[in-house]
Amino acid sequence: MDKLPTYSESPPVDLPRLARWRLKHRMASIALTLCFISVASLLLSLSQLAFLGKQSVQLPLHAEQILQKCYMLHAKPGPPSNFHQRTESDRFVQGTHATLIRNASIWTGDQEITQGDILLDKGIIKFVGHASPSMFNKFKDLVTLDAGGSWVTPGIVDLHSHLGVDSAPYLSGAGDTNSLKGPILPWLRSLDGLNTHDDAYRLSISGGVTTANVLPGSANAIGGQAFVIKLRPTAERSPSSMLLEPPYTLNGTYVDPTLPPRWRQMKHACGENPSRVYGNTRMDTFWAFRQAYDTARQIKEQQDAYCTRALAGEWEDLGEFPDNLQWEALVDVLRGRVKVHTHCYETVDLDDFVRLTNEFQFPIAAFHHAHETYLVPGTLKQAYGQTPAAALFATNARYKREAYRGSEFAPRILAENGIDVVMKSDHPVLNSRFLLYEAQQAYLYGLPANLALASVTSTPARIMGQDHRIGFVREGYDADLVVWDSHPLALGTTPQQVWIDGIPQLSEPAVASKPVSFQQAPRAPNFDLEAAAAIKYEGLPPLMPKKAKDLVVFANVSSIYVPDGVGGVMSVADMGERGVVALRKGVVQCWGAAACASEFASQDVEWINLEGGSIAPGLISYGSPLGLDEIQGESSTHDGTVFDPLTGSIPSILAGSELIKASDGLQFAGRDTLLAYRAGVTAGVTAPSSGGLIAGLSTAFSTGAAHKLEDGAVIQDVAALHVQIGHSKRGPSVSTQIAALRNILLGDKSSTTLAEVAKGTIPLVVQVQNADIIASLIELKKEIRTRTGTDIQLTISGAAEAHLLAKELGEAGVGVILTPSRPFPNVWESKRILPGPPLTNESAITTLVAHGVTVGIGIAEQWSARNTRFDIAWAALESFDRISKEQALALASVNLEKLLGVKPSGALGDLVVTRGGTVLDSEAKVVGIISARRGIVDLI
């Protein structure tokens, strides 16, 4: 659907059938209660009879309660047997109108319904199917929404989140993710630190997230108990009011004996995190696990022995039930009543933990992060009781050693081995607003469509034990739904509306028009060979491309985009699917109709069919330490951090020397670098890493080069001067930082490079998020022009709040690199973001472009360089047609060249070749890189 849904109201009526359902539900509950009381009384009577003929023993006053407790020790968690007879949700808010969604394309959680209707009432789904016009005409104040064929799915369920405990923006007063009081802390509860003022709730809801499992962090082997929440605001405004089916004992000790217990959740972690925090080895961590579980086992055995005597009527000297508040949750793990979520990456840790489950006989719900699970699915199947799920990132990997073998093909491979796959956010590690994007990527790399959608809806609901009420579009389930503006597996799909407990969450949703083709799932490219290689090489398949022959002809080319020579990108050919492009040593010889390549027919030519593909400018990555770091968490694998002149820590040997150059520390052929190259990112612009004011001089390099001395490996030795300004509890004040920058630009120019920056020859790139600091920099630029007559080239990077000064930036000629392109208020300085659809019509990109600002996009972490083509495509899709394909390509190519001082390559610029679509299309696959600069065509 290309327009907003329409709403109408129907006349009122009552529903006698609902009243009958309520009566039936009450009668069933009463019958079950009477049945259990009878059983407990019988047990008590039998225990009394056991003492006939023996010396009289005084029964405890609470004997019946003891017997009930003992009986319930073996009860398995789950909903009451009559749960789906309910006519009203326990989370229903009085005054919420019933809603009828008509003409929807429905994905129910396990299947598609081509088109149908859904009724939401009393906080639950009352009807799914094809409704007759008169079925609901008796509802009072019925709100009707015509979906117009738009897709409706269950609300997104995040199995691994730190919403509310790792709050946005981050402030030290609300950092409640981890306790550092010891590696074993099963008695802690994430609920006790849940911040209801986290800015991310609203953002995550706008991405369709309705439910999240809020876990403690991974600093500890056992971090504590997790709690499932619904994200919507409540009238009570309390953390407790957000909970979904918490344990009955949460606010007291009385438990209705007729009800089975509810599932509990607990966080475990193994590997590098607890080792790093406590200075332990893996051996220490697993001994801590074994000690903890041995303690819990002893308590469990004492309880079982106690209950054996109580149920046999042996009350003499029985004493009190052996409870232990500190360890009771871990005892419940051994009773199979807790969903254990284990942060675990590597094979050694997975194997260790599987052995732990068999030693102490408890099941695991899921391994989280689980970067090597796809290499050892058989190990997972050896876990006690059941095979755990794998909760994964799509492409986020290699940030530490235990994540180094992570693969984008893990979801597919695990599914092929019968392992449940969940895609999760680990919010705020990934912004859970875009959790569906993780499922989309998993699908593109081979996870079947139904499993990809299930990985963020029905599968996580089942893994956390809530699939009786969430994760599906079914009658009797919670009214948590999302209607999308395109197919949920299409890139950039955005909610038109989100319901939680039947309550609409978006007051005035901004919905961009999407192409009609986006109402179908994109065709996933074929990655069979790559997936097989991931297994063959144990997660480290060769990534260097294959060199093509000197003479290459690309056939069935549908379109060509190239730099226009004046700072933009233009389309030079729209050839349907019959065009050809001929190249010799990376230089275009001709393009157009098939006849243009006829002169090469008798030569040694490599012909490549693009199947309607495209050729476009190579993309540029900026903002991360790409090319300087290999494994972020391993200092021996990266260039390191430069000295900060404002702290006086510069060694005398460097005093008075030129600025630090990133080109001196370049590392080629890293895995993130080559993965980016294989995804169409042909160049990186990287500045030295710094924790202070001056970072140094950036360099532009080829991401496909094998080493620095290879022809064309270093594109430009020096690109721009990079500084960063912001609030820091350790560094000098912002005003001190700006004063220092003023002195650098207006003072003694003993450095040749600084003189060129002051003259406007080399750009000054300032990493800054806050609008007030940006305003001071605009004033500084004006001051320098007034005092020297020169206009410096100023680029703002980061720029989360730059949209607030779009007009002023445009007038001052200041460019902006948004890093990342989809903003998140992770710190106070970036609190005032412009989130874009569906919360706002404008995004930061469209706002800045509308005021004449040259805009580029960047990334924060190097693993995401490979996704640059999706980032620019997304920017165009949510722009309400204000960003063309050509402008989208410019965001990560020619615009970045201008903003970062990289001289335009012209005819020598790299080009990226895609099969089955353009580089902006998610269903297209990058198959080649054309580099006239390096005189080659690389085949991917």
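Residues numbered from 1 in each chain as written. Predicted model: local features only at pLDDT ≥ 70, side-chain atom pairs only at ≥ 80, totals over all residues. Heavy atoms only, no water.

Undergrad: So what about the overall build of the chain? Which residues, and what values?
TA: For the chain, the count of helices and strands is 22 helices and 37 strands. Radius of gyration (C-alpha) of the chain: 31 Å, near the 30 Å computed for a compact globule of 940 residues. With respect to the three principal axes, the spread of C-alpha positions in the chain is 105 × 75 × 60 Å. Relative to its full complement of 940 residues, the chain shows a buried share of 60%. Counting contacts in the chain only where the partners sit at least 6 residues apart, residues at least 24 apart contribute 74% of the total. Of the roughly 36900 Å² of accessible surface on the chain, 52% is carried by carbon and sulfur atoms. Positive and negative side-chain charges in the chain, numbering 82 and 95 respectively, have mean positions lying 2 Å apart. (Helix = DSSP H or I, 4+ residues; strand = E, 2+ residues; numbered from the N terminus. Rg over C-alpha atoms; globule rule 2.2 N^0.38 Å. Buried < 20%, exposed > 50% of the residue type's maximum accessible area, 1.4 Å probe, protein only. Contact = heavy atoms within 4.5 Å. Areas by Shrake-Rupley, 256 points an atom, 1.4 Å probe, with all protein chains shown as cover. Lys, Arg positive; Asp, Glu negative; His and termini not counted. Charge placed at Lys NZ, Arg CZ, Asp CG, Glu CD.)

Undergrad: Could you give me a rundown of the sheet that holds strand β8 (residues 209-214), with the residues and numbers involved?
TA: Strand order in the open sheet made by the 8 strands is β7-β8-β9-β10-β11-β12-β13-β14, with mixed pairing throughout. For this open sheet the edge positions go to β7 (156-161) and β14 (421-423), each flanked by a neighbour on one side alone. Taken pair by pair, the neighbouring strands of this sheet meet at an average axis angle of 25 degrees, ignoring direction. In terms of strand pairing, β7 meets β8 through 4 bridges, oriented parallel. The residue of β8 that forms the bridge with V157 is T211. Each of β9 (222-230) and β10 (264-269) touches helix α5 (residues 282-311); the most contacted strand, β10, lies at about 150 degrees to it. (Pairing = 2+ DSSP bridges. Axes fitted to C-alpha atoms, helices over the stretch in contact; angles between N-to-C directions.)

Undergrad: Describe the confidence of the model for the chain, listing the residues and the values that go with them.
TA: Of all residues in the chain, 93% have pLDDT values of 70 or greater, and the mean over the chain is 92. In the model, residues 1-37 has pLDDT below 50 throughout and makes 72 contacts with residues more than four positions away in sequence or in other chains. Here residues 39-54 is modelled with pLDDT under 50, and outside its nearest four sequence neighbours on either side it reaches 18 contacts, counting other chains as well. (pLDDT = per-residue confidence, 0-100.)

Undergrad: Quick one: what's the story with the packing of aromatic side chains, residue by residue and with numbers?
TA: The way to describe two aromatic rings as a pair is by their centre distance and the angle between their planes. Evaluation of the coordinates by the stated rule reveals 19 aromatic pairs. On the basis of an interplanar angle of 90 degrees and a centroid distance of 6.2 Å, the ring pair of F353 and F362 is categorised as edge-to-face. Assigned by exposure class, F353 and F362 land together as buried. Arranged with centres 5.1 Å apart and planes meeting at 75 degrees, the rings of Y437 and W874 form a pair that is edge-to-face. Placement of the pair is Y437 in helix α10 (residues 435-444) and W874 in helix α20 (residues 868-877), with a sequence separation of 437 residues. Residue Y437 shares its accessibility class with W874, and that shared class is buried. Through successive ring pairs, a cluster of aromatic residues spans F286, F289, Y293, F353, F360, F362 and F367. A cation sits over an aromatic face here: K424 above F393, 3.3 Å from the ring centre. (Phe/Tyr/Trp six-rings, centres within 6.5 Å; stacked < 30°, edge-to-face > 60°. Lys NZ or Arg CZ within 6 Å of the ring centre and 35° of its normal.)

Undergrad: Describe α5, naming the residues involved and giving the relevant values.
TA: Think of an α-helix as 3.6 residues a turn; residues three or four steps apart then line up on the same face. For α5, which comprises 30 residues, the first-to-last C-alpha distance of 43 Å matches the rise-based estimate of 44 Å (1.5 Å per residue) to within 8%. T285, F286, A288, F289, A292, Y293, A296, I299, Q303, Y306, C307 and A310 are the residues of α5 that are buried. Trailing α5 by a residue or two, G313 shows a phi angle of about 80 degrees, which is positive. (Expected span 1.5 Å × (residues − 1).)

Undergrad: Give a detailed account of the pattern of salt bridges, specifying residues and quantitative values.
TA: Scanning the model with the defined rule gives 54 salt bridges in all. Across the pair D478 and R86 runs a salt bridge whose closest N-O atoms are separated by 2.7 Å. Of this pair, D478 sits in the loop between α12 (458-463) and β15 (481-484) while R86 sits in the loop between α2 (63-72) and β2 (99-107), placing them 392 residues apart in sequence. Taken as a pair, D478 and R86 share a single burial class, namely buried. (Salt bridge = Lys/Arg side-chain N within 4 Å of Asp/Glu carboxyl O.)

Undergrad: Before we move on, could you go through the sheet that holds strand β27 (residues 694-697) and cite the residues and values that matter?
TA: One open sheet holds the 6 strands; their spatial order is β27-β30-β31-β32-β33-β34, and the pairing between them is mixed. Two strands close off the open sheet at either side, each with one partner strand: β27 and β34 (855-857). Ignoring strand direction, the axes of neighbouring strands in this sheet form an average angle of 20 degrees. As paired strands, strand β31 (residues 764-768) and strand β32 (residues 794-798) are joined by 5 bridges and run parallel to one another. Along β32, the bridge assignment pairs Q767 with S797.

Undergrad: Help me get a handle on helix α15 (residues 734-746), residues and values and all.
TA: Taking 1.5 Å as the rise per residue, α15 with 13 residues should run 18 Å; its terminal C-alpha atoms sit 18 Å apart, in good agreement. Along α15, the residues that are buried comprise V734, Q737, I738, A740, L741, I744 and L745. When α15 is viewed along its axis, its buried side chains cluster within an angular range of 155 degrees and face the same direction. Residues of α15 that are exposed and point over 90 degrees away from its buried face: S735 and N743. Contacts made by the buried residues of α15 are with β27, β30 (721-724), α16 (752-758), β31 and α17 (771-788). (Arc of directions from axis to C-beta.)

Undergrad: Talk me through the packing of α15 against α17; I want residue IDs and the actual numbers.
TA: In the contact formed by α15 and α17, the axes pass within 11 Å of each other and the chain directions differ by 25 degrees. Classified by the angle their axes make, α15 and α17 are roughly parallel. With respect to the hand of their crossing, α15 and α17 are arranged in right-handed fashion. Here α15 contributes V734, I738, L741, R742, L745 and L746 to the contact with α17, which in turn contributes I773, S776, L777, L780, E783, I784, R787 and T788. (Parallel < 35°, antiparallel > 145°, perpendicular 65-115°, else oblique. Left-handed = near helix turned anticlockwise from the far one by under 90°.)

Undergrad: Account for the state of the cysteines, with residues named and values stated.
TA: A full pass over the atoms with the stated rule returns 2 disulfides. At a sulfur-sulfur separation of 2.3 Å, the disulfide partner of C270 is C344. Taken together, the residues C270 in the loop between β10 and α4 (272-278) and C344 in strand β11 (residues 338-344) connect sequence positions 74 residues apart. Once the bonded cysteines of the chain are numbered in order along the sequence, the disulfide links fall as 1-3, 2-4. (Disulfide = S-S within 2.5 Å.)

Undergrad: Tell me about the packing of α2 against α5, and please be specific about residues and values.
TA: With their axes 10 Å apart at the nearest point, α2 and α5 run at an angle of 125 degrees to one another. Considering their axes alone, α2 and α5 lie oblique with respect to each other. In this structure, α2 crosses over α5, and the sense of that crossing is left-handed. Residues I66, L67 and C70 of α2 lie in contact with α5, whose contacting residues are Y306, C307, A310 and L311.

Undergrad: Help me get a handle on the pairing of strand β6 (residues 151-154), residues and values and all.
TA: Where β2 meets β6, 2 bridges bridge the pair, whose relative direction is parallel. When the bridges of β6 are listed, S105 appears paired with W151.

Undergrad: Any chance you could break down the nonpolar core for me, citing the residues and the numbers?
TA: Note on soluble globular proteins: their nonpolar side chains tend to be buried together. With 175 residues, the main nonpolar core has L764, L777, I796 and L809 as its most contacted residues. One finds V552, I560, A573 and L939 within the second-largest nonpolar core, a separate group that totals 19 residues. (Core = buried A, V, L, I, M, F, W, Y, C linked by side-chain atoms within 4.5 Å.)

Undergrad: Would you mind going over the pairing of strand β16 (residues 495-500) in detail, with residue names and values included?
TA: Within β16, 6 of the 6 residues are buried, which leaves it mostly tucked inside the rest of the structure. Bridge count between β15 and β16: 4 bridges; the pairing is antiparallel. The residue bridging V483 from the neighbouring strand is Q497, located in β16. With 2 bridges connecting them, β16 and strand β17 (residues 503-504) associate as antiparallel partners. By the bridge assignment for β17, W499 is matched with P504. Connecting β16 to the next strand, β17, in antiparallel fashion are 2 residues, including D501 with a positive phi near 55 degrees.

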